[in-house]
Amino acid sequence: MAKKTFSIISLGCFRNTYDSEVIIKRFQNKGYRYVCEASQALDLMIINTCGFIEEAKKESLTLIREALSLKRKGRIKRILVSGCLSQRYRNELRKSLPQVDEFKGVEEFEIGFESGLKLTTKNSAFVKISEGCINCCSFCAIPLIKGSLKSRPSKDIIREVRFLNDRGVKEINIIGQDITSWGKDLGKSRGFSRLLASIEEAADKVSWIRLIYTHPKHFSSELIEMIGKSAKICNYIDLPIQHINDKILKSMNRGISSDKLISLIKKIRKTIPKVALRSSIIVGFPGENNKDFQELKDFLKFIKFERLGVFVYSREEGTRAYDFVPQVHPATKKKRQRLLMEQQKDIVAEFNKGLLDKKISVLIEERQNSTFIGRSEYDAPEVDGQVFVKRKGLKIGHIYQLKITDYFGYDLIAE
Ligand code: SF4
């Protein structure tokens, strides 16, 4: 008898991509056949949703409705909705979308090592080391959705790293809600640095270990030293700061002052001179006035993050900031986001200009006609730039030292 077929749409962050890989393995274990092309007739369509902020919720609902219209046309037999939107609004969704066959929350796909299909390129993989978060930022719905911090057992993580290492993966991206607090729920104060040392040891054939989603409050000097000394841990750090104004940082419950943030960044840059820092910023947080915003804008111009994501504050019910006043007008939020992204373009251009005629490490990931496309050590998957290489005979999945000859926007040209 032919196996039942299923496909999955994975929305939101890298953590959801990882969860989708776990879900795929679970359904393959149940005897389903995975098809990546959702255009085929399917027995089951899974939509692994994001429910973090307003925009993400809207995107998830649009995809569910599109799947429902395919179901009405008989192209899909059953629809399962999982992930953060389902976890957060399961009862409301059941009432408003009764045609959906099943709603599952995040906890029903407990993370654990599953040697299965990867949704990333075969040379790059995510390893999720924890679920949930202890930081309770006042704007964030994640603790409402995923609960408090649950660190994965280190032996489980190392088993997965060894599996990926033996499979020839070149890049391992370490993810979680806040990877720097790994082990704090297990009573391990220096847990993350120790875990990272074990990961580095187990990943002897891996070239890049990338740290994504750290928290400045938990970023230890020991960790900075480790990254500075390591040949494998990328000179790339994702360090979301969200803001720099002390009043706003306090109101966000970020647990760190602007002085501490600035000295941390200075220490990282001094210890790891070639580092590319990625950060995330929220504009339009309740109470942010023009002077606070100007302070943030001037700070970003001074600190020059090589990579930056700017998000408008999303008022999320159930979070403490939901009731904070004054809320900022949506048009003002959008304007502030635009002003920071415009400024960031110049900062990125200056960074790229500084790479001209220099050789950097580039992981080749695909080929389009005669052009190879890859990412540098300074580019995380999907969210950062790419490197375009006009050279013959490169191998996909290999890392080359390539000379940068030009740039446009966030991308580089190499030979
Ligand atoms: S650290 Fe990140 S995931 Fe945790 S509460 Fe703050 S914003 Fe949310």
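Residues numbered from 1 in each chain as written. Predicted model: local features only at pLDDT ≥ 70, side-chain atom pairs only at ≥ 80, totals over all residues. Heavy atoms only, no water.

## A few points about the domain arrangement of the protein chain
Okay, step 1: Split by domain assignment, the protein chain resolves into domain 1 (5-103), domain 2 (124-353) and domain 3 (359-414).
Okay, step 2: If you average the C-alpha positions of domain 1 and of domain 3, the two centres end up 33 Å apart. (Domains from an automatic or database assignment.)

## Some points on the pairing of strand β12 (residues 276-283)
Okay, step 1: Counting buried positions along β12 gives 8 out of 8 residues, so the element sits mostly inside the fold.
Okay, step 2: Going residue by residue along β12, you find A276, R278, S280 and I282 tucked away on one face and L277, S279, I281 and V283 tucked away on the opposite face as well.
Okay, step 3: Where strand β11 (residues 233-238) meets β12, 3 bridges bridge the pair, whose relative direction is parallel. What sits directly across from Y236, in β12, is A276.
Okay, step 4: Pairing geometry for β12 and strand β13 (residues 307-312), over 6 bridges, is parallel. Its bridge partner lying in β13, V283 is registered against V312.
Okay, step 5: Each parallel crossover has a hand, and the one from β12 via helix α10 (residues 290-303) to β13 is right-handed. (Buried < 20%, exposed > 50% of the residue type's maximum accessible area, 1.4 Å probe, protein only. Helix = DSSP H or I, 4+ residues; strand = E, 2+ residues; numbered from the N terminus. Pairing = 2+ DSSP bridges. Right-handed = clockwise from strand over helix to strand, strands pointing away.)

## Side note on the site of the ligand
Okay, step 1: The environment of the ligand is formed by C133, N135, C136, C137, F139, C140, I142, P143, Q177, H215 and R254.
Okay, step 2: The residue inventory of the shell around the ligand, partitioned by class, reads 7 nonpolar, 3 polar and 1 charged. (Near = heavy atom within 4 Å. Nonpolar A, V, L, I, M, F, W, Y, C, P; charged D, E, K, R; others polar.)

## Concerning the packing of aromatic side chains
Okay, step 1: Scanning the model with the defined rule gives 12 aromatic pairs in all.
Okay, step 2: Between F351 and Y378 the ring centres are 5.7 Å apart and the planes differ by 75°, which places this aromatic pair in the edge-to-face class. Taken together, the residues span a long stretch of sequence, with F351 in helix α11 (residues 330-353) and Y378 in the loop between β15 (371-376) and β16 (387-389) at a distance of 27 residues. In terms of burial, F351 and Y378 fall into one category: buried.
Okay, step 3: Taking NZ or CZ as reference, R315 lies 4.1 Å from the ring centre of Y322, over its face. (Phe/Tyr/Trp six-rings, centres within 6.5 Å; stacked < 30°, edge-to-face > 60°. Lys NZ or Arg CZ within 6 Å of the ring centre and 35° of its normal.)

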